[in-house]
Amino acid sequence: MLLAGPPGTGKTLLARAIATEAGVGFVAVRGPELLSHFQGASEKALRDVFARARTARPCIVFFDEMDAIAGRRGGGDGATIDRMVAQLLTEMDGITPADGLIVLGATNRVEAMDPALLRPGRFDLVLRMPELDRAARLAVLRVHAATMPLSDAAALATLADETEGAVGADLAALCRLAALSALSRNADAVTTTDFDHALATFRETRPCPTM
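S.K.: So what's going on with the overall build of the chain? Which residues, and what values?
M.R.: The number of helices and strands found in the chain is 7 helices and 5 strands. Reading the chain from its N end, one meets helices and strands in the order β-α-β-α-β-α-β-β-α-α-α-α. Looking at the 211 residues of the chain, the share that counts as buried comes to 38%. Accessible area of the chain: about 11100 Å², with a carbon and sulfur share of 56%.

Written as structure tokens, this is what we have:
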């Protein structure tokens, strides 16, 4: 399965949650970490990932930022990417249902990936991470504010109304900023004013705002 969506939408968190719920091993690697300037080293690193995952079976092997190692062959990324895609196809084609090995990938550029990886038998399912609706935003805020003393329980509902377009990472950051605001005042609880200050700070400092 390939998880597709913008940064901060919880792709890595979802992959870890799947492994935890399934009670299986979890081998995670960021795609760029496998790339090397030395010929053959990148492919060896990829083989080593699968070898490590096979020793931990049943296991999920998770590739974050997968487009870094699985871009379209014949493009401008050079022979290394072509060899990496070929090696990845070889590894995935060797997996059978009885192997106890599942491959998950995550990318925010699914259109950049080599089409051979997206056909049936490889990444059979592309799961696009949805934009959070108000109910989901409120649920995420409640998780991140669970250990924070709040002066007004309705503050989270108001913040959920004002954060359309936010991803999970944005909401986590807002809660941290609100907590810091309260700490700077030596306050006993986080107030609506702290959340307002956090939202204003976040919007001023974020380079590519979506909300």
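S.K.: Lay out the pairing of strand β4 (residues 101–107) in plain terms, naming residues and giving numbers.
M.R.: Within β4, 6 of the 7 residues are buried, leaving the element largely enclosed by the surrounding structure. Across 5 bridges, strand β3 (residues 59–64) lies against β4 in parallel orientation. Each bridged residue has a counterpart across the sheet, and for F62 the counterpart in β4 is L104.

S.K.: For helix α4 (residues 134–144), give the residues involved together with the corresponding values.
M.R.: Within α4, burial applies to R137, L138 and L141. One side of α4 holds all its buried residues, which, seen down the axis, span an arc of 100 degrees. For α4, exposure combined with an orientation more than 90 degrees from the buried face picks out A135, R142 and V143. Those residues of α4 hidden inside the fold are in contact with α5 (155–161) and α6 (168–184).

S.K.: Hey, could you go over the sheet that holds strand β5 (residues 126–128) for me, with residue numbers and the actual values?
M.R.: In spatial order, the strands read β2-β3-β4-β1-β5; together these 5 strands make up an open sheet with parallel pairing. Where the open sheet ends on each side, the last strands, each with one partner, are β2 (25–30) and β5. For this sheet the average axis-to-axis angle between neighbouring strands, irrespective of direction, equals 20 degrees. Across 3 bridges, strand β1 (residues 2–4) lies against β5 in parallel orientation. Bridge assignment links L3 to a residue of β5, and that residue is L127.

S.K.: Tell me about the packing of α4 against α6, residues and numbers included.
M.R.: Between α4 and α6, the shortest axis-to-axis distance is 9 Å and the interhelical angle comes to 45 degrees. In terms of their interaxial angle, α4 and α6 are classed as oblique. The crossing of α4 and α6 is right-handed. Taken together, the residues of α6 that come into contact with α4 (itself represented by R137, V140, L141 and H144) are G168, L171, A172 and C175. In terms of residue class, the contact of α4 with α6 is made up of 5 nonpolar, 2 polar and 1 charged.

Definitions and cut-offs
Residues numbered from 1 in each chain as written. Predicted model: local features only at pLDDT ≥ 70, side-chain atom pairs only at ≥ 80, totals over all residues. Heavy atoms only, no water. Helix = DSSP H or I, 4+ residues; strand = E, 2+ residues; numbered from the N terminus. Buried < 20%, exposed > 50% of the residue type's maximum accessible area, 1.4 Å probe, protein only. Areas by Shrake-Rupley, 256 points an atom, 1.4 Å probe, with all protein chains shown as cover. Pairing = 2+ DSSP bridges. Arc of directions from axis to C-beta. Contact = heavy atoms within 4.5 Å. Axes fitted to C-alpha atoms, helices over the stretch in contact; angles between N-to-C directions. Parallel < 35°, antiparallel > 145°, perpendicular 65-115°, else oblique. Left-handed = near helix turned anticlockwise from the far one by under 90°. Nonpolar A, V, L, I, M, F, W, Y, C, P; charged D, E, K, R; others polar.

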